Amino acid sequence: MPFERFVQTGRIAKASAGPLKGRLVAIVDVIDQNRVLVDGPLTGVPRQEYRLNNLHLTKYRIKFPYTAPTSIVRKAWVDSDLKAQWKTSAWSVKAQNICKRSQLNDFDRFKLRYAKRQRNKLLTIAFNTLKKRTKSDGTPRILKKDRRERLRAEKAKPKAKK
């Protein structure tokens, strides 16, 4: 699989460190092999130089000319409907879940742990009953309990007269 996320004009990146951590920015210009000029008109990021080590490149790219002013970057950002695309991405959902989890208090963490424990008990019971009722080759196993129930059902039926 070839590499697809290049450092290029219009590439959307997520800042991973510093005061901009977690914000989306657009690469406007490449200064050198370590630094780029970024702009985030709709994410509250002013145009500034930023280190590539502190950026995570995304799969999104918007089209605007080389070293375009902020107004053109803003227009391209709005036209591409980037905010909606980002909200539906797995990366964004995961970041939101991490944020939610970091805001839990002690009692919320306890409730979460207790709910997971209850869920896992139910899953374990269901798995063990299925495991008990199948042979290693995958065919169903007839248990003594099943035989007894079948015999009781046959005895309970009224016998047909000849």
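The structure under discussion appears in the preceding block.
The sections below set out a description of the structure shown in this document. (Residues numbered from 1 in each chain as written. Predicted model: local features only at pLDDT ≥ 70, side-chain atom pairs only at ≥ 80, totals over all residues. Heavy atoms only, no water.)

Here's the deal with the pairing of strand β3 (residues 35–40)
Looking down a regular strand, the side chains alternate between one sheet face and the other.
Right, on to step 1. Note that strand β2 (residues 24–30) and β3 share four bridges and pair antiparallel. The residue bridging I27 from the neighbouring strand is V38, located in β3.
Right, on to step 2. Where β2 folds back onto β3 in an antiparallel hairpin, the turn is made up of four residues.
Right, on to step 3. Note that β3 and strand β4 (residues 45–51) share five bridges and pair antiparallel. Each residue of the ladder has a partner; that of V38, found in β4, is Q48.
Right, on to step 4. Joining the antiparallel neighbours β3 and β4 is a turn of four residues, in which G44 adopts a positive phi near 80°. (Pairing = 2+ DSSP bridges. Helix = DSSP H or I, 4+ residues; strand = E, 2+ residues; numbered from the N terminus.)

Some thoughts on the environment of I62
Right, on to step 1. Mapping I62 onto the fold places it in the loop between β5 (55–61) and α1 (70–79).
Right, on to step 2. Measuring from C-alpha to C-alpha, the distance between I62 and L112 comes to 40 Å, with 50 residues separating the pair along the chain.
Right, on to step 3. Residues contacting I62, with those up to four places away along its chain left out, are T9, G10, I12, A26, V73, A76, W77 and S80. (Contact = heavy atoms within 4.5 Å.)

Considering the nonpolar core
Right, on to step 1. Residues I12, A26, I62, F64, V73 and W77 are the most contacted members of the largest nonpolar core, which totals 13 residues.
Right, on to step 2. Those elements that place two or more of their residues in this core are β2, α1 and α2 (82–88).
Right, on to step 3. Membership of the second largest hydrophobic core comes to twelve residues, among which are A15, V25, V36 and L57. (Core = buried A, V, L, I, M, F, W, Y, C linked by side-chain atoms within 4.5 Å. Buried < 20%, exposed > 50% of the residue type's maximum accessible area, 1.4 Å probe, protein only.)

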